[in-house]
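Chain by chain, the residues:
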Amino acid sequence: MQYYGDSPAPDGSVWGTVQGMPGALVRFVPGAHPPETALSEYYEVPWQNEKATAQGFAPRGMDVDSKNVVWTVLSSGHLASFDRKKCKGPLAGPTATGQHCPEGWTLFPLPGPNYKGAVDSASADSAYYDFVDRFDLLGVGKDVPISTGNLSEGLLALVDGKFLTLRVPYPMGFFAKGMDGRIDNPTAGWKGKGIYTTISTRAPFHQEGGKGTTSKLVEFQMRPDPISK
């Protein structure tokens, strides 16, 4: 088993995504003397599960918030959270076969249109990776998950259950791959912190600028109000 996305959690565990259909999250705890004491837990994305409130598939990037809740993006057009504390049954053992904790999952459809007649996806938008803003670097709240809106040319922040779309007008063809945050000056307010993301595609010459266009680094900052200086 190989992780695609991975992230350490505050409780000392390490989470990762496993690709496939429907794909899964894996929680790994090394214990005192790995590999003898290592323990893994396997949680599949709800798929054709009558006990689940929503169905999805194929996780990609992921991150973990300060409360040990895992956030991942799904190829089904969702941003999904998984809260292990909500699981009602055994977390390991012979009955923990993958689809044993549908109650731990919450799926949020990405904004925008869906494919005509689609029943297995929630949105036509595609998200490659996500990032949890544990320290309110963007200015919209702590522990806000932010996914890459790869087909809507922006970032999608889930704030109080609703998506805030940060669209990049220039250059056209913005295609985010990863994200991270940085505090340059903790006393400078919104000016001293921000979210950074890369523009990187397999065909950068299709972006605005054409042949010779290279990848770029973009900083996102949120003003408290439109006229803040």
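Structure first, text after, so check above.
To keep things clear, this report deals only with the structure shown in the data block. (Residues numbered from 1 in each chain as written. Predicted model: local features only at pLDDT ≥ 70, side-chain atom pairs only at ≥ 80, totals over all residues. Heavy atoms only, no water.)

We now examine the nonpolar core. Grouped together as the largest cluster of nonpolar side chains are 17 residues, with contacts concentrated most on L138, I146, L155, F174, M179, I195 and F220. For this core, the secondary-structure elements that each account for two or more residues are β10 (144-149), β11 (154-159), β13 (176-183), β14 (193-199) and β15 (216-220). By residue number, the principal contributor to this core is β11, which donates 3 residues. Those residues in contact with I146 that sit more than four places away from it in its chain are Y129, D130, F131, D133, L138, L155, L156, A157, M179 and I195. The next biggest cluster of nonpolar side chains, apart from the first, holds 15 residues, and it includes V45, M62, V70 and L107. (Core = buried A, V, L, I, M, F, W, Y, C linked by side-chain atoms within 4.5 Å. Buried < 20%, exposed > 50% of the residue type's maximum accessible area, 1.4 Å probe, protein only. Helix = DSSP H or I, 4+ residues; strand = E, 2+ residues; numbered from the N terminus. Contact = heavy atoms within 4.5 Å.)

Another point: the sheet that holds strand β9 (residues 130-133). The antiparallel open sheet is built from 4 strands, whose spatial order is β9-β10-β11-β12. Of all strands in the sheet, those bounded by a partner on one side alone are β9 and β12 (162-167). Each neighbouring strand pair of the sheet contributes to a mean axis angle of 25°, computed without reference to strand direction. Strand direction decides the pairing type here: β10 and β11, joined by 4 bridges, are antiparallel. In the sheet register, S147 faces β11, and the bridge partner there is L156. (Pairing = 2+ DSSP bridges. Axes fitted to C-alpha atoms, helices over the stretch in contact; angles between N-to-C directions.)

Moving on, we get to the sheet that holds strand β2 (residues 14-18). Strand pairs in the sheet, formed through backbone hydrogen bonds, run parallel or antiparallel to each other. An order of β1-β2-β3-β4 is seen for the 4 strands of this open sheet, with the pairing classed as antiparallel. Looking at which strands have only one partner, the edges of the open sheet turn out to be β1 (6-8) and β4 (39-44). Across the sheet, the mean angle separating the axes of adjacent strands is 20° when strand polarity is ignored. The sheet contact formed by β2 and strand β3 (residues 24-29) spans 5 bridges and is antiparallel. By the bridge assignment, G16 is partnered in β3 with V26.

Spatial relationships are all this shows, so hold off on functional conclusions.
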